[in-house]
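Residue-level listing of the chains:
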Amino acid sequence: LGKEGYHGLDVTSTVVTDSDTWFTLRVDAVETQASGYQFSRFYHIDKAADQVVKLKDLFREDAEYSDVLTQEVRRQMEARMAADSGASYFPEELTEIGPEQNFYFNESGELVLVFDEYTIAPGSMGMPEFTIPAEVYETLRK
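None of the values given here were measured: they were computed from a predicted structure. (Residues numbered from 1 in each chain as written. Predicted model: local features only at pLDDT ≥ 70, side-chain atom pairs only at ≥ 80, totals over all residues. Heavy atoms only, no water.)

### A look at the overall build of the protein chain
Here is step 1 of the chain: Along the backbone of the protein chain there are two helices and seven strands.
Here is step 2 of the chain: Reading the protein chain from its N terminus to its C terminus gives the helix and strand order β-β-β-β-α-β-β-β-α.
Here is step 3 of the chain: Summarising its shape, the C-alpha atoms of the protein chain cover approximately 50 × 40 × 25 Å along the three principal directions.
Here is step 4 of the chain: Going through the 142 residues of the protein chain one by one, you find that 36% of them count as buried.
Here is step 5 of the chain: When contacts within the protein chain are restricted to residue pairs at least 6 apart in sequence, long-range pairs at least 24 apart make up 51% of them.
Here is step 6 of the chain: Computing the positive centroid from 12 side-chain charges and the negative centroid from 27, the protein chain places the two 3 Å apart. (Helix = DSSP H or I, 4+ residues; strand = E, 2+ residues; numbered from the N terminus. Buried < 20%, exposed > 50% of the residue type's maximum accessible area, 1.4 Å probe, protein only. Contact = heavy atoms within 4.5 Å. Lys, Arg positive; Asp, Glu negative; His and termini not counted. Charge placed at Lys NZ, Arg CZ, Asp CG, Glu CD.)

Okay, structure coming up:
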């Protein structure tokens, strides 16, 4: 109350996957005040099981998926920065991949982890995405 100035919120949605067994909806938002902040949320439904799925649900309960995925994302950050002097990430800010980490499966069926703007990189890097090779996590899947 009593605040002056511009405040905007732009929200869009996209169906990422709609197959016989899987549905993924991506909701993108850009919040603008003094500057902008971009984020996405992904909602997954396993149609066969008729349930909402989070990242943790993809893996066995005893699987150390968080450590494995965290190390892979850090490795990719370092590799990207080594290959491109314009790339900048904050590997130390990535303490762990949480059970509700944003993800989707791309057209090739690969797991892609998506991070909000400013969380693991400067805003100039946008919303970083990391494609995780199946061999990194396939033994941990349910």
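### Digging into the sheet that holds strand β6 (residues 111–114)
Here is step 1 of the chain: Taken in spatial order, the three strands make up an open sheet running β5-β6-β7, and their pairing is antiparallel. The open sheet has two edge strands with one neighbour each: β5 (103–105) and β7 (129–132). For this sheet, the mean angle separating the axes of adjacent strands, direction not counted, is 25°.
Here is step 2 of the chain: In the packing of helix α1 (residues 65–83) onto the sheet, the strands contacted are β6 and β7, and the crossing angle to β7 comes to about 120°. (Pairing = 2+ DSSP bridges. Axes fitted to C-alpha atoms, helices over the stretch in contact; angles between N-to-C directions.)

### Focus on the nonpolar core
Here is step 1 of the chain: Counting 25 residues, the largest nonpolar core has L55, L58, F59, L69, V73, L111 and L113 as its most contacted members.
Here is step 2 of the chain: Of all the elements in the fold, those that place two or more residues in this core are α1, β5, β6 and β7.
Here is step 3 of the chain: Looking at which element gives the most residues to this core, the answer is α1, with four residues.
Here is step 4 of the chain: Ignoring sequence-local partners within four residues, the contact set of L111 consists of L55, L58, L69, F103, Y104, F105, F130, T131, I132 and Y137.
Here is step 5 of the chain: By size, the runner-up hydrophobic cluster in this structure holds five residues, among which are Y104, V112, V114 and M127. (Core = buried A, V, L, I, M, F, W, Y, C linked by side-chain atoms within 4.5 Å.)

### A word on the pairing of strand β1 (residues 8–18)
Here is step 1 of the chain: Inspection of the sheet shows β1 paired to strand β2 (residues 22–32) by ten bridges, in the antiparallel sense. Bridge assignment links V15 to a residue of β2, and that residue is L25.
Here is step 2 of the chain: Between the antiparallel neighbours β1 and β2 lie three residues.

### Description of the sheet that holds strand β3 (residues 36–46)
Here is step 1 of the chain: With respect to topology, four strands assemble into an open sheet ordered β1-β2-β3-β4, the strand pairing being antiparallel. The open sheet has two edge strands, β1 and β4 (51–53), and neither has a second partner. Taking the axes of each pair of neighbouring strands and ignoring which way they run, one obtains an average angle of 25° across the sheet.
Here is step 2 of the chain: Here β2 runs beside β3; their pairing, made up of eleven bridges, is antiparallel. Paired with A29 across the bridge in β3 is F39.

### What to know about the pattern of salt bridges
Here is step 1 of the chain: Overall, the coordinates contain seven salt bridges when judged by the stated rule.
Here is step 2 of the chain: Ionic pairing is found between R26 and E129, a salt bridge with its closest N-O pair at 3.5 Å. With R26 in strand β2 and E129 in strand β7, this pair connects stretches of sequence that are 103 residues apart.
Here is step 3 of the chain: R26 sits in the buried class, given a relative accessible area of 15%.
Here is step 4 of the chain: Residue E129 is classed as partly exposed on the basis of its relative accessible area, which comes to 28%.
Here is step 5 of the chain: Where K54 meets E100, a salt bridge forms, and the shortest distance between an N and an O atom there is 4.0 Å. Placement of the pair is K54 in the loop between β4 and α1 and E100 in the loop between α1 and β5, with a sequence separation of 46 residues. (Salt bridge = Lys/Arg side-chain N within 4 Å of Asp/Glu carboxyl O.)

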